Amino acid sequence: MQKNRLFSRICSLFLLCLFSGSLTHGSGIEERFEGSSVIRYDVLFNGIPTGKVEWQYLGKSVISGHKVDIILLNSDTNILKLLNLESKEKVYIDSTTYLPVRVDRDVVFFGKKEKIKEMYDQDTGTITIAKSNSSGKDTLLHVEKPVHNILSLLYFFPKDIELVKNKPLYFNLPTQKVTIKMLSENEIAFGKGKKDVYLLSGRGEKRFNLWLDKKERTPIKMEFIVPLGKITIVRKS
């Protein structure tokens, strides 16, 4: 039970939608990949390489009457006894609102396999969670609307939200609320050059920092404070 709680807290922040309202979105999810088929990240714990995260764009489809963009997440991370996780997760994002419609998760956590399906109903503010190893009924969560998803929120941050220094933004996740503020605009080393970024600070069950590419609003770097140290996720150039 203790490991499950730790897994939920860590993964909900670094692995595992988007801000809604009367927004007109700029370039879509496909354009965020900048012509690449895969976006890759290295995972480090206290500066030591411990895994990887990869995002792959799979195209468009229609789910429950919604036109969606489909993104595949592959992650493989082994951090001491804190986190041993392999996962493949398909994230279905509404192509118009950028809100989550469905997430299919295929995970191996400390050697235990599990398939999880999350269905998001933005009209009612509910999430239905079905687990393959559960003999009981599906879990139904009621959340303040709109309902967001941590994966797409961190890795594909909304492009058309105005970021104002120290002005809080609020996001409703299935099991928690997250507050994010823009702290500064600066540069960060990337490959052989530098990237102009926004530095964001987030607070939910855990605190984190997020360096966003100012143009594409995809993360160049993320940091999360966990027991015994710091998890850093860095985009490969």
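The structure we're discussing is the one just above.
A brief look at the structure comes next. Remember, predicted model here, so these are calculated numbers, not experimental data. Per chain, the residues get numbers from 1 upward, laid out in the order the sequence is written. For this predicted model, a pLDDT threshold of at least 70 governs which residues receive local features, and a threshold of 80 or more governs which side-chain atom pairs are given and counted, while totals over whole chains, interfaces and linings are taken from all residues. Each side-chain value is derived from all of the structure's non-hydrogen atoms; neither hydrogens nor water enter the calculation.

### Quick notes on the overall build of the protein
Turning to step 1, where the next piece is worked out: A run of H or I in DSSP counts as a helix once it spans at least four residues, and a run of E counts as a strand once it spans at least two, with each numbered from the N terminus. Across its full length, the protein carries three helices and 14 strands.
Turning to step 2, where the next piece is worked out: Relative to its full complement of 237 residues, the protein shows a buried share of 49%.
Turning to step 3, where the next piece is worked out: The Shrake-Rupley method, run with a 1.4 Å probe sphere, supplies the accessible areas, and residue values consider only the shown protein chains as cover. When the accessible surface of the protein is split by element, carbon and sulfur atoms take 50% of a total near 11,900 Å². Summary of the burial criterion: residues with accessible area below 20% of their type's maximum are buried, those above 50% are exposed, and those between are partly exposed, where the area comes from a 1.4 Å probe applied to protein chains only.

### Remarks on the packing of aromatic side chains
Turning to step 1, where the next piece is worked out: Centre distance within 6.5 Å is the pairing criterion for rings of Phe, Tyr and Trp, where only the six-membered ring of Trp is used; planes under 30 degrees apart are then read as stacked, over 60 as edge-to-face, and the remainder as tilted. One pass over the full model with this rule turns up seven aromatic pairs.
Turning to step 2, where the next piece is worked out: Pairing W55 with F156 gives two aromatic rings, centres 5.2 Å apart and planes at 85°, and the pair type is edge-to-face. Pair noted here: W55 is in strand 2 (residues 48–63) and F156 is in the loop between helix 3 (150–155) and strand 9 (169–172), with a separation of 101 residues, a long-range link.
Turning to step 3, where the next piece is worked out: A relative accessible area of 1% means that F156 is categorised as buried.
Turning to step 4, where the next piece is worked out: Through successive ring pairs, a cluster of aromatic residues spans F33, Y41, W55, Y57, Y155 and F156.
Turning to step 5, where the next piece is worked out: Whether a charge lies above a ring is judged from NZ of Lys or CZ of Arg, which has to be within 6 Å of the ring centre and within 35 degrees of the ring normal. Here R102 stacks its cationic end above the ring of Y92, 5.1 Å away from the centre of that ring.

### Side note on the environment of D94
Turning to step 1, where the next piece is worked out: Within the fold, D94 resides in strand 4 (residues 83–94).
Turning to step 2, where the next piece is worked out: In this structure D94 comes out as buried when scored by relative accessible area, which is 9%.
Turning to step 3, where the next piece is worked out: Through-space distance from the C-alpha of D94 to that of H66 is 6.3 Å; in sequence the pair is 28 residues apart.
Turning to step 4, where the next piece is worked out: Look past the residues within four positions of D94 in its chain and what remains in contact with it is H66, K67, V68, L99 and V101.
Turning to step 5, where the next piece is worked out: Within the local environment of D94, its side chain forms a polar contact with the backbone nitrogen of T96, the two atoms lying 2.8 Å apart. Pairs of residues are marked as contacts when any of their non-hydrogen atoms sit within 4.5 Å. Counted as a polar contact is a pair of N or O atoms within 3.5 Å, where, for protein atoms, one must be capable of donating a hydrogen and the other of accepting one, and residues adjacent in sequence contribute only when both atoms are in side chains.

### Observations regarding the nonpolar core
Turning to step 1, where the next piece is worked out: Only buried residues count toward a nonpolar core. Its members are Ala, Val, Leu, Ile, Met, Phe, Trp, Tyr and Cys residues joined through side-chain atoms within 4.5 Å. Membership of the largest hydrophobic core comes to 47 residues, with the highest contact counts inside it found for W55, Y155, F157 and L200.
Turning to step 2, where the next piece is worked out: Looking at this core, the element that brings in the most residues is helix 3, giving five residues.
Turning to step 3, where the next piece is worked out: Once residues lying within four places of it in the same chain are set aside, the contact partners of W55 are F33, S37, V38, I39, Y41, I71, L72, L73, V91, L151, Y155 and F156.
Turning to step 4, where the next piece is worked out: Listed in part, the six residues of the second largest apolar core include V197, L199, W211 and I220.

### Let's talk about unusual backbone geometry
Leaving glycine out, the prevailing phi sign among residues is negative, and the prevailing peptide bond configuration is trans.
Turning to step 1, where the next piece is worked out: Here the residue pair K145 and P146 is connected by a cis peptide bond, since its omega of -10° sits within 30 degrees of zero.
Turning to step 2, where the next piece is worked out: Within the element layout of this structure, P146 appears in the loop between strand 8 (139–142) and helix 3.
Turning to step 3, where the next piece is worked out: In the Ramachandran plot, N46 falls in the positive-phi region, its phi being about 50° despite a non-glycine side chain.
Turning to step 4, where the next piece is worked out: Within the element layout of this structure, N46 appears in the loop between strand 1 (38–45) and strand 2.
Turning to step 5, where the next piece is worked out: The residue S64 is not glycine, and still its phi comes out positive at about 50°.
Turning to step 6, where the next piece is worked out: Among the structural elements, S64 can be located in the loop between strand 2 and strand 3 (66–79).
Turning to step 7, where the next piece is worked out: We classify S64 as exposed; its relative accessible area is 61%.

### Some words on the pattern of salt bridges
Turning to step 1, where the next piece is worked out: When a carboxyl oxygen of Asp or Glu is within 4 Å of a side-chain nitrogen of Lys or Arg, the pair counts as a salt bridge. As enumerated under the stated definition, the model contains 13 salt bridges in all.
Turning to step 2, where the next piece is worked out: The residue K60 makes a salt bridge to D69 at a minimum N-O spacing of 2.9 Å.
Turning to step 3, where the next piece is worked out: On the basis of relative accessible area, K60 is assigned to the exposed category, the value being 57%.
Turning to step 4, where the next piece is worked out: Assessed through its relative accessible area of 2%, D69 is described here as buried.
Turning to step 5, where the next piece is worked out: Here K177 and E144 are joined by a salt bridge, their closest N and O atoms 2.7 Å apart. Taken together, the positions of K177 in strand 10 (residues 177–190) and E144 in the loop between strand 8 and helix 3 put the pair 33 residues apart, joining distant regions of the chain.
Turning to step 6, where the next piece is worked out: Salt bridges here are not isolated pairs; linked through shared partners, they connect E89, R105 and E118.

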